[in-house]
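Chain and residue survey
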Amino acid sequence: MQIEFEVGNYNLGANAFKQKKYEESVWYYTKAIRDNPWVNFADAYLWRGISYYFLNNFENAIKDLDEANFTFQNELRIYNWRGLSNKQLGKYSEAVQDLKKAIETEPKFREAYIELYEIGFLIDDLKLSADYFNNLISLERNNINLFILRADENGKDSKYELAIKMCDFVLNKIPDERNSLIIKGTCNAQLLNYGLALNDFNKFINLNPQDPTGFFNRAIVLRELNRNGSNQDFLQAYELGMTEAKKFISDNGDPEMTFNLGELSEKYDDIKSALKHYSNALTYDKTFSKALFNRARCFTKVKQYNDAIEDYKTFIQFMAVNDKTSMSHIYFEIARLQGKNGDLKNS
């Protein structure tokens, strides 16, 4: 006998899920389950569980995926999302069990290899990491880029120590893997390990002497080290970084890198160049508040007070929507500049 499901709310849940409206999809999937009280509506439980995952409600995600598992057999989606939920909860043994089942179900399911590789670092089981690294590479050599991408994602998510461990693992296998050197150096700099970061960027530069990325990152690190006196080294890296990074920016229009060039120029009292770089950064991104603030400061240094005032006012619009009190020093600076502007007119 074929079971008929009432699927109206289920379809509405599916539409909400596609639009990433996960709270709404949970609501509709819940109604769909209630619309069908005499059967296990496994698909509704499955997708409600995945919706819960994206809402960071991992306990409920696991409950729903368990419920769906009563009906489905060897279902890749259940193993994957339940494994990811257990990983987020720190239940690594359960996560490993599910993710291994996901690979048994689909041997080319690359995401599960990456997750198991990362869990190995989290639980200090380097054999687990090595096994799934080697297994995925054996499927296709280019899969190594997935491991590098995961290290980069961890770095951007402020998981610097984990990212460094992943980079070290790759570099032990491939010592000249350039992206891993940059990621590792950037993470070390974020941890204020400037000496280690400098070592990483120097290795990158030795391997890639024509690539501006290494020079630029080294210049930033040396700027920090300069507080302790390495001025000559910084100046050399600064000049190389400025020259090479300008070439890169002309082709790519990177606002963050352009902003950093402005800071470098300002540090060495090249205010004309600093204004140019901050203005270029704002051309790439009109809402780049840091560039507005710094440009206003530079305008003040060259006594272009009206321009400085306009930048400060725009900065306030971006930054002080919810907290006017935090901008009190900016209001004071505007008033001070307006006074200076009046003095210029009267002189």
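Predicted, not measured: the structure shown is a model, and the values here were computed from it. (Residues numbered from 1 in each chain as written. Predicted model: local features only at pLDDT ≥ 70, side-chain atom pairs only at ≥ 80, totals over all residues. Heavy atoms only, no water.)

This part covers the pattern of salt bridges. Under the criterion given, the structure shown has 20 salt bridges. The salt bridge involving E153 is made with R150; its shortest N-O contact spans 3.3 Å. Highlighted residues: E153 and R150, both in helix α9 (residues 144-156), separated by 3 residues, approximately one helical turn. For R150, a relative accessible area of 14% corresponds to the buried category. For E333, the salt bridge goes to R336, with nearest N and O atoms at 2.7 Å. With a gap of 3 residues between them, E333 and R336 both fall in helix α19 (residues 328-346), about one helical turn apart. Three or more residues joined by partner-sharing salt bridges are found here, namely K87, E115, E118, R150 and E153. (Salt bridge = Lys/Arg side-chain N within 4 Å of Asp/Glu carboxyl O. Helix = DSSP H or I, 4+ residues; strand = E, 2+ residues; numbered from the N terminus. Buried < 20%, exposed > 50% of the residue type's maximum accessible area, 1.4 Å probe, protein only.)

The topology assignment puts A335 in helix α19. For A335, a relative accessible area of 45% puts it in the partly exposed group. Through-space distance from the C-alpha of A335 to that of I309 is 8.8 Å; in sequence the pair is 26 residues apart.

Turning our eyes to something else, we now look at the packing of aromatic side chains. With the rule as written, the count across this model stands at 23 aromatic pairs. Ring plane angle 75 degrees and centroid distance 5.0 Å describe the contact between F133 and F169, whose orientation is recorded as edge-to-face. Of the two residues, F133 sits in helix α8 (residues 126-139) while F169 sits in helix α10 (residues 160-173), which places them 36 residues apart along the sequence. Look at F293 and F315: their rings are 5.2 Å apart centre to centre, the planes differ by 50 degrees, and that puts the pair in the tilted class. Here F293, found in helix α17 (residues 289-301), pairs with F315, found in helix α18 (residues 305-319); they are 22 residues apart in sequence, far enough to count as distant. Under the relative-accessibility criterion, F315 is labelled buried at 9%. Taken together, the aromatic side chains of F17, Y22, W47, Y53, F54, F58 and W81 make up a single cluster linked through ring pairs. (Phe/Tyr/Trp six-rings, centres within 6.5 Å; stacked < 30°, edge-to-face > 60°.)

A few words on the side chain of K184. Relative to the helices and strands, K184 resides in helix α11 (residues 178-190). Given a relative accessible area of 15%, K184 falls into the buried group. Among the polar contacts made by the side chain of K184, one reaches the side chain of D168 at a distance of 2.8 Å. In this structure K184 touches I164, C167, D168, L171 and D200, once residues within four positions along its chain are discounted. (Polar contact = N/O pair within 3.5 Å; in protein donor to acceptor, adjacent residues only side chain to side chain. Contact = heavy atoms within 4.5 Å.)

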